[in-house]
Amino acid sequence: MTTIQRIWRIKNTLLRLLSTRCLDCGFVAYPPKASCPKCGSRRLIKEELPKIGEVLSYTVINVPLRGFEEFTPLIICLIKLGEAKVLAELVDVKPGNVHIGMKVMATLRRSAKTLDGVIPYVVKFRPLSLGSS
Amino acid sequence: MGAVRRVYVAGVGMTKVDKHTETSLRDLAAEAAFKALDEVGNEKPEAVVVGNMLSSLIEQENLAALIADHIGLRGVCGLKVEGACGSGGVAVLAGYSMIASGLYDRVLVIGVEKLLERPTPDTLRGLAYAADADYELIYGVSFAGLNALIMRYYMSKYDVRREELALWSVIMHQNGAKNPYAQLRNEITLETVLSSPVVADPIRLYDACPLSDGAAAVYITSEDWKKVSDTPILVAGVGNAVDSPDLSSRVSLDEFYASRISAEKALRTAKLDIKDIDVAEIHDAYTITAAVSLESIGFAEKGKAAKLWSEGRFRPGDKPTINPSGGLKSRGHPVGATGVYQVVEVAMQLRGDFPGVSVPSEIGLTQNIGGVGSNVTTIVLRR
Ligand SMILES: [Zn+2]
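This structure is a prediction, so every number in the text was calculated from the model and none was measured.

Rules used throughout
Residues numbered from 1 in each chain as written. Chains lettered and ligands numbered in written order. Predicted model: local features only at pLDDT ≥ 70, side-chain atom pairs only at ≥ 80, totals over all residues. Heavy atoms only, no water. Domains from an automatic or database assignment. Buried area = accessible area lost by both parts, 1.4 Å probe. Salt bridge = Lys/Arg side-chain N within 4 Å of Asp/Glu carboxyl O. Polar contact = N/O pair within 3.5 Å; in protein donor to acceptor, adjacent residues only side chain to side chain. Helix = DSSP H or I, 4+ residues; strand = E, 2+ residues; numbered from the N terminus. Nonpolar A, V, L, I, M, F, W, Y, C, P; charged D, E, K, R; others polar. Donors = N, O, S within 2.8 Å, 3.2 Å for Na, K, Ca; no water. Tetrahedral: all angles 85-135°; square planar, octahedral: opposite > 155°, others 65-115°. Contact = heavy atoms within 4.5 Å. Pairing = 2+ DSSP bridges. Buried < 20%, exposed > 50% of the residue type's maximum accessible area, 1.4 Å probe, protein only. Patch = residues over 30% accessible without salt bridge, like charges linked within 9 Å, V, L, I, M, F, W, Y side chains within 5 Å. Areas by Shrake-Rupley, 256 points an atom, 1.4 Å probe, with all protein chains shown as cover. Expected span 1.5 Å × (residues − 1). Phe/Tyr/Trp six-rings, centres within 6.5 Å; stacked < 30°, edge-to-face > 60°. Axes fitted to C-alpha atoms, helices over the stretch in contact; angles between N-to-C directions. Parallel < 35°, antiparallel > 145°, perpendicular 65-115°, else oblique. Left-handed = near helix turned anticlockwise from the far one by under 90°.

**Observations regarding the domain arrangement of chain B**
Interfaces are often sized by the amount of accessible area the parts lose when they come together. All names here are of chain B. In terms of domains, chain B is made up of domain 1 (7-119 + 212-233) and domain 2 (129-208 + 234-382). When each unit is reduced to the centre of its C-alpha atoms, the spacing between domain 1 and domain 2 is 22 Å. Carbon and sulfur atoms supply 71% of the area buried between domain 1 and domain 2, which totals about 3200 Å² over both sides. Of all residues in domain 1, Met14, Cys85 and Ile233 give up the largest surface area on contact with domain 2, accounting jointly for 24% of the area buried on that side. The interface formed by domain 1 and domain 2 contains 1 salt bridge. In this structure, the connection of domain 1 to domain 2 is made through 13 residue pairs in polar contact (both at pLDDT 80 or more). Listed by contribution, the elements that provide at least two residues to the side of domain 1 that touches domain 2 are β1 (7-14), α1 (25-39), α3 (87-100), β4 (106-114) and β7 (213-222). Residues that form the side of domain 1 that touches domain 2 fall into these classes: 25 nonpolar, 13 polar and 6 charged.

See the structure below:
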């Protein structure tokens, strides 16, 4: 569950997948950080991540957090996007067809209602080739 | 770390880990605290430090005041320390620091948690607050789900079989069955784990620790005041380290960086090597957490922990024996209290009066983890 304020505040980061790249050591972090996790530098630039990547790991959740029941079974992945990793939901695929290394692409989807009763849109991922769904 | 004063565990106490429907949070804390205080002749502490993660679930904050007042300690210094499921460990670290710095001589550290008072969905949501609310929880991922991502990654990278990981739960229930303070005292088989419901694939119910209520307390003192105990145990080293709460910005997904760093710090301050450890209580919230922790601490090479315990390592009789209490899996995991339970259990092992699986030992280690390896405290104890 989340709030309108939170969704509004992070909408750019979340919908455009904005990471931070360190100008000193090059480390790319998503979620974006205020200082580089690797070298501590504050010289960071915002950088949009690629929208196509591959599944590093995944889980199929039968008991999601309260409010997400309609998305069950919920498939959550760690996805390699360029030099960064992103955690997100995978949609348009049967749980049995997900595999490590699977190519996926970002898509805009509806999420669970916020605590204030609004339906937000977030970035989810779907298989790149429709044949694998 | 600069020069610090020596710190001792002079008294310990704990409640059985259980579903304590009839006992309030303050009374659980009092039971553990009074046992620890009784061990030191009821010598009044100068400060109370409380470890807790989720008392807001039962609509109660300000725990140091609540508990200190309830146990007759109005006027003492009081504070609560939070580090998610690692709150107990950081509470002991805070108490240690108060004595090591010279501020106080006698501190009572209490870890307490009641996870079974609210309906399970509320508690599970609370536990997930240890993760990144902005970028992880907006997808509805549970705490088990985050650990499942690590588990699948690890199994795939190191070609570790499901059955090998599941065996950890069987071993833990064997140990916990002999521990009168443990929550789950039944022995189980590999089949119990492998046929239990899938929570977050590949994690099944019996890969996971139970939800628990419980409290544990340690009375710690300076060198001058260790005389309040006949069997003081030296806190030889402490170390804490944090990592990102989110998994995605981690450099590595197959080790807990904060676990490794905190263990290194604790061993360095203790001037000891990992090979010196006779007994350890580690944070096996899930079978995968046991494997990654053992490797990050340095008890096993990367990818090898499950192979080692399948060969019989880490069990009673081995050096080190890991989790003679039954660990989080069997003893249970009252989150903010767990780190304090671990210190109580290892101190009792060194004193020779732990009532379950007994491990004759000189040097012990505890490691308590908050989040998926994001706030980790390691403590080295010495007889
Ligand atoms: Zn950098």
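**A look at the coordination of the zinc ion**
Ideal geometry at a metal centre gives angles of 109.5 degrees when four donors are arranged tetrahedrally and 90 or 180 degrees when six donors are arranged octahedrally. Residue and element names in this part refer to chain A. Those protein atoms acting as donors to the zinc ion are Cys22 (SG), Cys25 (SG), Cys36 (SG) and Cys39 (SG), and they sit at 2.3 Å. Taken together, the 4 donor atoms coordinating the zinc ion span angles of 102 to 116 degrees at the metal, a pattern that classifies the geometry as tetrahedral. Read from N- to C-terminus, the donor residues coordinating the zinc ion fall into the pattern C-x2-C-x10-C-x2-C. On the criterion of sequence distance, the pair formed by cysteine 25 in the loop between β1 (18-22) and β2 (28-29) and cysteine 36 in the loop between β2 and β3 (44-48) is long-range, its members being 11 residues apart.

**With respect to the interface of chain A and chain B**
Each partner contributes to the interface: chain A provides 39 residues, whereas chain B provides 35 residues. Overall, the association of chain A and chain B removes approximately 3200 Å² of surface from exposure, summing both partners, and the carbon and sulfur fraction of that is 64%. Per-residue buried area on chain A facing chain B is highest for Leu65(A), Arg66(A) and Leu87(A); these three make up 21% of the total on that side. Between the two partners, chain A and chain B, sit 3 salt bridges. Between Asp122(B) and Arg66(A) there is a salt bridge, with the nearest N and O atoms lying 2.5 Å from each other.

**Observations regarding the sheet that holds strand β8 (residues 233-242) of chain B**
Residue and element names in this part refer to chain B. The mixed open sheet is built from 10 strands, whose spatial order is β3-β2-β4-β7-β1-β8-β12-β11-β9-β10. Where the open sheet ends on each side, the last strands, each with one partner, are β3 (77-81) and β10 (321-322). Pairing geometry for β1 and β7, over 7 bridges, is antiparallel. Across the sheet, glycine 11 pairs through a bridge with tyrosine 219, a residue of β7.

**Observations regarding the pairing of strand β6 (residues 84-89) of chain A**
Residues and elements named next belong to chain A. The buried count for β6 comes to 6 of 6 residues, which makes it a mostly enclosed element. Of the two faces of β6, the one lined by Ala84, Val86 and Ala88 and the one lined by Lys85, Leu87 and Glu89 are each fully buried. As consecutive antiparallel partners, strand β5 (residues 74-81) and β6 are separated by 2 residues, and within that stretch glycine 82 has a phi angle of approximately 60 degrees, a positive value.

**Quick look at a nonpolar patch on the surface**
A contiguous nonpolar surface patch, about 370 Å² in accessible area, is contributed by Leu15(A), Leu108(A), Ile119(A) and Tyr121(A). You can see Ile119(A) is positioned in the loop between β7 (103-110) and β8 (121-127).

**Considerations on helix α5 (residues 143-158) of chain B**
Think of an α-helix as 3.6 residues a turn; residues three or four steps apart then line up on the same face. Residue and element names in this part refer to chain B. The first and last C-alpha atoms of α5 sit 23 Å apart over 16 residues, in line with the 22 Å expected at 1.5 Å per residue. Within α5, 13 of the 16 residues are buried, which leaves the element mostly enclosed by the surrounding structure. In the segment just after α5, aspartate 159 is the residue with positive phi, at about 55 degrees.

**Description of unusual backbone geometry**
Following Tyr30(A), the chain continues to Pro31(A) via a peptide bond in cis, the omega torsion being 0 degrees. Residue position: Pro31(A) is located in the loop between β2 and β3. The omega torsion of the bond from Lys319(B) to Pro320(B) falls at 0 degrees, within 30 degrees of zero and hence cis. Positionally, Pro320(B) belongs in the loop between α10 (305-310) and β10. Even without glycine at this site, Leu17(A) takes up a positive phi of about 55 degrees. Within the element layout of this structure, Leu17(A) appears in the loop between α1 (4-16) and β1.

**A look at the sheet that holds β2(A)**
Residues and elements named next belong to chain A. Strand order in the open sheet made by the 3 strands is β2-β1-β3, with antiparallel pairing throughout. Of all strands in the sheet, those with a lone pairing partner are β2 and β3, marking the two edges. Inspection of the sheet shows β1 paired to β3 by 5 bridges, in the antiparallel sense. From the neighbouring strand, leucine 18 faces β3, where its bridge partner is glutamate 48.

**Brief notes about the packing of aromatic side chains**
Any pair of aromatic rings gets described here by the distance separating the centres and the angle formed by the planes. All names here are of chain B. The tally for this structure, following the rule as stated, stands at 5 aromatic pairs over all chains. Plain terms: the ring middles of phenylalanine 143 and tyrosine 286 are 6.3 Å apart, the flat faces sit at 50 degrees to each other, and that makes the pair tilted. Here phenylalanine 143 is found in helix α5, whereas its partner tyrosine 286 is found in the loop between β9 (279-281) and α9 (287-297), with 143 residues between them in sequence. For phenylalanine 143, a relative accessible area of 12% gives the class buried. Aromatic pair tryptophan 168 and tryptophan 309: ring centres 4.7 Å apart, planes at 50 degrees, arrangement tilted. Taken together, the residues tryptophan 168 in helix α6 (residues 162-176) and tryptophan 309 in helix α10 connect sequence positions 141 residues apart.

**Here we look at helix α8 (residues 257-270) of chain B**
All names here are of chain B. In a regular helix each residue adds 1.5 Å, so 14 residues correspond to 20 Å; α8 covers 20 Å between its end C-alpha atoms and thus fits that length. For α8, every residue scored as buried is listed here: Ala258, Ser259, Ile261, Ser262, Ala263, Ala266, Leu267 and Ala270. The secondary structure elements touched by the buried residues of α8 are β8, α9, β11 (363-370) and β12 (375-382). Looking at the residues trailing α8, positive phi occurs at lysine 271, about 55 degrees.

**A look at the packing of α1(B) against helix α2 (residues 63-70) of chain B**
Residue and element names in this part refer to chain B. At their nearest, the axes of α1 and α2 sit 9 Å apart, and the two run at 60 degrees to each other. Considered as vectors, α1 and α2 are oriented oblique to each other. For the crossing formed where α1 meets α2, the hand is right-handed. Listed contacts from α2 to Leu25, Arg26, Asp27, Ala29 and Ala30 of α1 are Leu63, Leu66, Ile67 and His70. Taken together, the residues of the contact of α1 with α2 sort by class into 6 nonpolar, 1 polar and 2 charged.

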